[in-house]
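Geometric and topological summary
Residues per chain, in single letters:
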Amino acid sequence: MAHPPTLVVGVHLVLLDAGRVLLGRRRNTSFADGLWHLPAGHMEPGESVTAAMAREAAEELAITVAEDHLGLVHTLHHFDAEDGRDRLQLFFRPARFDGHVVNREPDKCEQLFWWPLDRLPEDTVPYTAHTLAEIGRGNTLSVLGWAA
């Protein structure tokens, strides 16, 4: 009897301002060093997806996001060929947040920058670029990395 799949669940914060999106250049991590990526993290045991997103926003950006102010704007079922795991990536946009965006993890994030949505840097994490394009088209669900 096959066991149900075990998914890694990632949470990503989509902060938009005047057609620009906040990305951070990753460094000293086990994933995508040197590439631009949304503020993101993984759920911890016993944590809801909205609690995880609110925690990551506070840890990475020093902003407070109420869980009920988070709107799910995209779900990506992503197969990661590098480690052979499938991941459920959830992308949230806050209706509002308190505080000012600050890079609270300079050891993991070289810099933060607001990029125009229609001109993302070439060195953006591929699934991030994919998802932001899907969000721009109004799509709320996509899959990536699976054999056709």
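For clarity, every value in this text was computed on a predicted model and none was experimentally measured.

This next bit is on the overall build of the protein chain. Looking only at helices and strands, one finds two helices and nine strands in the protein chain. When the elements of the protein chain are put in sequence order from the N terminus, they spell out β-β-β-β-β-α-β-β-β-α-β. Relative to the globule expectation of 15 Å for 148 residues, the C-alpha radius of gyration of the protein chain, 15 Å, shows essentially globular dimensions. A principal-axis box enclosing the C-alpha atoms of the protein chain has dimensions of 50 × 35 × 35 Å. Contacts spanning at least 24 positions in sequence make up 69% of the contacts within the protein chain whose residues lie at least 6 apart. A total accessible area of about 8,300 Å² is found for the protein chain, and carbon and sulfur atoms account for 54% of it. In the protein chain, 13 positive and 21 negative side-chain charges are present, and the distance between their average locations comes to 3 Å.

Each aromatic ring pair is described using two quantities: the centre-to-centre distance and the angle formed by the ring planes. Throughout the structure, instances matching the rule amount to four aromatic pairs. For the pair Phe31 and Tyr127, a centre-to-centre distance of 6.3 Å together with 35° between the ring planes defines the contact as tilted. Within this pair, whereas Phe31 is found in the loop between strand 3 (20–26) and strand 4 (36–37), its partner Tyr127 is found in helix 2 (residues 126–136), the two being separated by 96 residues in sequence. Here Phe31 falls in the partly exposed class, since its relative accessible area comes to 31%. Here Tyr127 falls in the buried class, since its relative accessible area comes to 7%. Ring centres of Trp36 and Trp115 lie 5.3 Å apart, and the angle between their planes is 75°; this geometry places the pair in the edge-to-face category. Of this pair, Trp36 sits in strand 4 while Trp115 sits in strand 8 (residues 109–116), and the two are 79 residues apart along the sequence.

This brings us to the nonpolar core. Ranked by internal contacts, the top residues of the largest apolar core, which has 14 residues, are Leu13, Leu15, Met53, Leu61, Ile63, Leu70 and Phe92. Among the secondary structure elements, those contributing two or more residues to this core are strand 1 (8–13), helix 1 (49–61) and strand 7 (85–94). For this core, the element with the most residues is helix 1, which contributes four residues. Apart from the residues lying within four places of it in its own chain, the contact partners of Phe92 are Val11, His12, Leu13, Val14, Val49, Thr50, Met53, Leu70, Gly71, Leu72 and Val73.

Our next topic: unusual backbone geometry. Residue Asn28 is not a glycine yet carries a positive backbone phi of 55°. Its location among the elements puts Asn28 in the loop between strand 3 and strand 4.

Cut-offs and rules
- Residues numbered from 1 in each chain as written.
- Predicted model: local features only at pLDDT ≥ 70, side-chain atom pairs only at ≥ 80, totals over all residues.
- Heavy atoms only, no water.
- Helix = DSSP H or I, 4+ residues; strand = E, 2+ residues; numbered from the N terminus.
- Rg over C-alpha atoms; globule rule 2.2 N^0.38 Å.
- Contact = heavy atoms within 4.5 Å.
- Areas by Shrake-Rupley, 256 points an atom, 1.4 Å probe, with all protein chains shown as cover.
- Lys, Arg positive; Asp, Glu negative; His and termini not counted.
- Charge placed at Lys NZ, Arg CZ, Asp CG, Glu CD.
- Phe/Tyr/Trp six-rings, centres within 6.5 Å; stacked < 30°, edge-to-face > 60°.
- Buried < 20%, exposed > 50% of the residue type's maximum accessible area, 1.4 Å probe, protein only.
- Core = buried A, V, L, I, M, F, W, Y, C linked by side-chain atoms within 4.5 Å.

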